[in-house]
Amino acid sequence: MTLSALTLRPTCATDRDAIIALVQATRFFRENELGIAIEVLDDALAQGPGGHYQSYTALVNAAPVGWLCFGATPCTLGTFDIYWLAVAPAQQGHGVGSRLLSHAEELIRAGGGRLIVIETSGQNRYASTQMFYRKNGYIEAARVPDFYAPGDAKIIYTKVVTAAS
């Protein structure tokens, strides 16, 4: 797959099952986390572009291969959270995640955003995720020991973006 074959668009209801399947296929998320992903996805689909959750799908040959969901962080001025980012295992390492992340950054910047926050697990099995965020210009801003479970820290990454002029 080349990145030229990749298209990004707002998530449609017809993407739902494929997105759930690809989130499951990553094998990174526990059942309770998958439930939250589905809840966020469903809310994004129900509320559309005017809702809190902004959801985008990456497609190759009209088939969903990646999903990203972000939104403004409540009670902040210009801070946004990337809530979910998942890429189908067969497409990982081909730039799909970076394209989704870059797209979100552009939209956040254009919407007056100034800071993006992403959280992930500190477990060794998430080393590729941690490296992905660093490769895309995010810095580790904090680490909360034993957050997700004993021995499983929450790592908080941030990236400053400049508002569009």
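The notes below deal with the structure included here. (Residues numbered from 1 in each chain as written. Predicted model: local features only at pLDDT ≥ 70, side-chain atom pairs only at ≥ 80, totals over all residues. Heavy atoms only, no water.)

**Some points on the packing of helix α1 (residues 16–25) against helix α2 (residues 31–47)**
Put simply, the rule reads: Where helices are involved, their axes are fitted lines through C-alpha atoms of the stretch in contact, as for all axes, and angles between N-to-C directions lie from 0 to 180°. Under the DSSP-based scheme used, a helix requires at least four consecutive residues in state H or I and a strand at least two consecutive residues in state E, with every element numbered from the N terminus. Any angle that falls under 35 degrees is termed roughly parallel, while one over 145 is termed roughly antiparallel, one within 65 to 115 roughly perpendicular, and all others oblique. Each crossing gets its handedness from the near helix: less than a right angle anticlockwise from the far helix is left-handed, clockwise is right-handed. Throughout, a contact is declared for two residues whenever any of their heavy atoms are within 4.5 Å. Ten residues, namely Ala, Val, Leu, Ile, Met, Phe, Trp, Tyr, Cys and Pro, are considered nonpolar, four, namely Asp, Glu, Lys and Arg, are considered charged, and the remaining ones, Gly among them, are considered polar.
α2 packs onto α1 with a crossing angle of 155° between their chain directions and a minimal axis gap of 11 Å. With respect to α2, the element α1 is oriented roughly antiparallel. By crossing handedness, the relation of α1 to α2 is classed as right-handed. Of α2, the residues touching α1 (which contributes Arg16, Ile19, Ile20, Val23 and Gln24) are Leu34, Ile38, Leu41, Asp42 and Leu45. Grouping the constituent residues of the contact of α1 with α2 by class yields 7 nonpolar, 1 polar and 2 charged.

**A short note on the packing of helix α3 (residues 96–110) against helix α4 (residues 127–135)**
Contact geometry for α3 and α4: axes closest at 11 Å, N-to-C directions at 50°. In terms of their interaxial angle, α3 and α4 are classed as oblique. Read as a crossing pair, α3 and α4 show a hand that is right-handed. Contact residues: α3 offers Gly97, Ser98 and Leu101, while α4 offers Phe132, Tyr133 and Lys135. For the contact of α3 with α4, a count of residues per class yields 3 nonpolar, 2 polar and 1 charged.

**A few points about α2**
One turn of the α-helix equals 3.6 residues, which is why residues spaced by three or four share an orientation. As a reminder, the rule being used: Expected span, for any helix, means 1.5 Å times one less than how many residues it has. The rule is simple: take the accessible area with a 1.4 Å probe, protein chains only, and divide by the maximum for that residue type; under 20% is buried, over 50% is exposed, in between is partly exposed. Arc, as used here, means the arc of the directions from the helix axis to the C-beta atoms.
Here α2 is 17 residues long and its end C-alpha atoms lie 24 Å apart, about the 24 Å a rise of 1.5 Å per residue gives. Along α2, the residues classified as buried are Glu33, Leu34, Ala37, Val40, Leu41 and Ala44. An end-on view of α2 places all buried positions within 125° of arc, on one side of the element. Away from its buried face, by an angle of more than 90 degrees, α2 presents the exposed residues Glu31, Asn32, Glu39 and Ala46. For α2, the elements touching its buried residues are α1, β2 (54–60), β3 (63–72) and β4 (79–87). Gly48 sits one or two residues past α2 and shows a positive phi near 70°.

It is worth stressing that arrangement in space is one thing and function is another; only the former is reported here.
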